[in-house]
Amino acid sequence: MAEQSEELTEQQKARRTELKAQAQSVKAQLKKCNRQVAMVFDLNKCLGCQTCVIACKTSWTRGDGMDYMWWATVNTQPGKGTPRDWEQMGGGFRDEEPQPGRMPLRADFGEAWDFNYDEVFYGGKGSEVHLKPSPEPEWGPNWDEDQGGGEYPNSFYFYLPRICNHCTNPACLEACPRNAIYKREEDGIVLIDQKRCRGYRFCVEACPYKKIYFNHVREVAQKCIFCFPRIEQGVAPACARQCPGRLRFVGFLDDESGPIHKLVKQWKVALPLHPESGTQPNVFYVPPIGPPRFDEHGNIDTSKPRIPLAYLKYLFGPDVEQALATLEAEMAKTKAGGRSEMLDTLIVYEWKSLFGPFTRDPATLEPRKA
Ligand code: SF4
Ligand code: SF4
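Before going into details, it helps to say that this report is about the structure given with it. Model, not experiment: these values are computed from the prediction. (Residues numbered from 1 in each chain as written. Chains lettered and ligands numbered in written order. Predicted model: local features only at pLDDT ≥ 70, side-chain atom pairs only at ≥ 80, totals over all residues. Heavy atoms only, no water.)

Some thoughts on helix 9 (residues 259–266)
- Counting buried positions along helix 9 yields six of eight residues, so the element is predominantly enclosed.
- Inspection of helix 9 places Pro259, Ile260, His261, Lys262, Leu263 and Val264 among the buried residues, and these make up the whole buried set.
- Of the surrounding secondary structure, the elements contacted by the buried residues of helix 9 are strand 1 (37–42), strand 10 (248–252), strand 12 (283–286) and helix 12 (341–347).
- At the C-terminal side of helix 9, Lys268 shows a positive phi close to 55°. (Buried < 20%, exposed > 50% of the residue type's maximum accessible area, 1.4 Å probe, protein only. Helix = DSSP H or I, 4+ residues; strand = E, 2+ residues; numbered from the N terminus. Contact = heavy atoms within 4.5 Å.)

This is how it looks when you write it as structure tokens:
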């Protein structure tokens, strides 16, 4: 009897190993892609205008159940971000093992605000009333905008634009029991098959960037699609195309002549956010340098940076130190009268240099047939 149960256990183990191998092979297929589109955001140029956020909102998240969704966000750092305290919610991988994550609540995102338009415009109350959100909100996607950190006169902040990172090793894809999440072979864009999704929300827990939203009306998970219908037509994503700061580069990571490859792979001045999450993001950031500090007499103090290095390491990992040193060396070169291809690339004299193969004017597209 004991022998039989032992034999059964061995069978179970073998079956389990077989099933695991099958599941891994399916996941490997879903993750496979021939090329990878990527973005680089130069944080030294973001002015926090939220144009990208609105460009995305008006393009993609106006449907039922999407009121509270902001696939593209721009938050002030240091800050709680959106959803509130997302950096403390877990998920991702450590040593290739999936990590538990917490599901953000609707309150962590904040509801879409409504305003008392009827009362102000049609209520006959004249100047007794003014426009205000109703009901009174308690949180929102940019609640702590421009607060930042540090002590006066050395307080500091910068803006952090975020979208789904279209990761090479997406935790969301790994966590989905329906295999509804996949990377497109031709460009590595991570999409959620809306017909396969059953709204279990394991992906929401697993994403360490908390960039998946649950549609409570349609009961499916939804997220940034890297504007793939535009990409297919050679048009840059709406957030990038609309950005007045000229800081959102778009292109293929393996295009050695393009700015993305140069900034990420060659010059190594663009880094992923929270690389320790193990998902291998394909959105990269040129770290902010910040203005100089003042000493106690009000004189410029160059002995240490105003934005603490420890904070930038927390965000972008240890490589940020070398990235900053490289940027500063290039700046010194140009101050001495030299030229820097890297700085010319980051300045973006001509907007088309931001977008690699995606420079087509959206106004030239044929309107979609109904
Ligand atoms: Fe998935 Fe999150 Fe990575 Fe986007 S950022 S691909 S949602 S793990
Ligand atoms: Fe920053 Fe550009 Fe977005 Fe404005 S549109 S917030 S400058 S990334």
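Structural notes on the environment of Gln12
- Relative to the helices and strands, Gln12 is located in helix 1 (residues 2–31).
- Along the primary structure Gln12 and Gly150 are separated by 138 residues, whereas in three dimensions their C-alpha atoms are 57 Å apart.

Topic: the pairing of strand 8 (residues 212–215)
- In strand 8, alternate side chains face the same way, and those of Ile212 and Phe214 on one face and Tyr213 and Asn215 on the other are all buried.
- Where strand 8 lies against strand 9 (residues 220–223), four bridges are found, and the strand directions are antiparallel. Counted as the bridge partner of Phe214 is Ala221 from strand 9.
- Remark: four residues form the turn of the hairpin made by strand 8 and strand 9, two consecutive strands paired antiparallel; Glu219 in that turn has positive phi of roughly 55°. (Pairing = 2+ DSSP bridges.)

Quick look at the sheet that holds strand 12
- Overall, mixed pairing links the four strands, which are arranged 10-1-12-11 in an open sheet. Taken across any chain shown, the strands that pair with only one partner, and hence form the sheet edges, are strand 10 and strand 11 (271–272).

Focus on the site of ligand 1
- The full set of residues close to ligand 1 is Cys164, Asn165, His166, Cys167, Pro170, Ala171, Cys172, Val190, Cys207, Tyr209, Ile212 and Lys223.
- In the shell around ligand 1, the residues fall into nine nonpolar, two polar and one charged. (Near = heavy atom within 4 Å. Nonpolar A, V, L, I, M, F, W, Y, C, P; charged D, E, K, R; others polar.)

Some words on the site of ligand 2
- Taken together, the neighbourhood of ligand 2 is formed by 13 residues, with Cys46, Cys49, Gln50, Cys52 and Cys243 sitting nearest.
- Broken down by class, the residue content of the shell around ligand 2 amounts to nine nonpolar, three polar and one charged.

Overview of the environment of Cys243
- One can find Cys243 in the loop between helix 8 (238–242) and strand 10.
- The spatial distance from the C-alpha of Cys243 to the C-alpha of Lys195 is 33 Å, given a sequence separation of 48 residues.

Examining the packing of aromatic side chains
- On inspection of all chains with the given rule, the structure shows 18 aromatic pairs.
- The interplanar angle of 80° and the centroid separation of 5.3 Å between the aromatic rings of Tyr68 and Phe109 together place this pair among those described as edge-to-face. Taken together, the positions of Tyr68 in the loop between helix 2 (51–60) and strand 2 (73–77) and Phe109 in helix 3 (residues 106–109) put the pair 41 residues apart, joining distant regions of the chain. By the burial criterion, Tyr68 is buried, and Phe109 matches it.
- With a centroid separation of 4.9 Å and an interplanar angle of 40°, the aromatic rings of Phe109 and Tyr213 are classed as tilted. A residue pair is termed long-range when its members are at least 10 positions apart, and Phe109 in helix 3 and Tyr213 in strand 8 qualify at 104 residues.
- With relative accessibility at 5%, the residue Phe109 sits in the buried group.
- The exposure class assigned to Tyr213 is buried, which follows from its relative accessible area of 1%.
- Connected via pairs of aromatic rings, a cluster forms that spans Phe115, Tyr117, Phe121 and Tyr122.
- Looking at Arg106, its charged tip hangs above the ring of Tyr68, at a distance of 4.1 Å from the centre.
- Over the ring of Phe214 we find Arg201, and its NZ or CZ is 3.8 Å from the ring centre. (Phe/Tyr/Trp six-rings, centres within 6.5 Å; stacked < 30°, edge-to-face > 60°. Lys NZ or Arg CZ within 6 Å of the ring centre and 35° of its normal.)

Structural notes on the pattern of salt bridges
- Summed over the entire model, instances satisfying the criterion amount to 17 salt bridges.
- The partner of Lys13 in a salt bridge is Glu10, with the nearest N and O atoms 3.5 Å apart. Note that Lys13 and Glu10 are positioned in helix 1 at a spacing of three residues, about one turn of the helix.
- Classification of Lys13 as partly exposed rests on a relative accessible area of 46%.
- Across the salt bridge formed by Glu119 and Lys125, the nearest N and O atoms sit 3.0 Å from each other.
- Taking relative accessible area as the criterion, Lys125 reaches 35% and is therefore assigned partly exposed. (Salt bridge = Lys/Arg side-chain N within 4 Å of Asp/Glu carboxyl O.)

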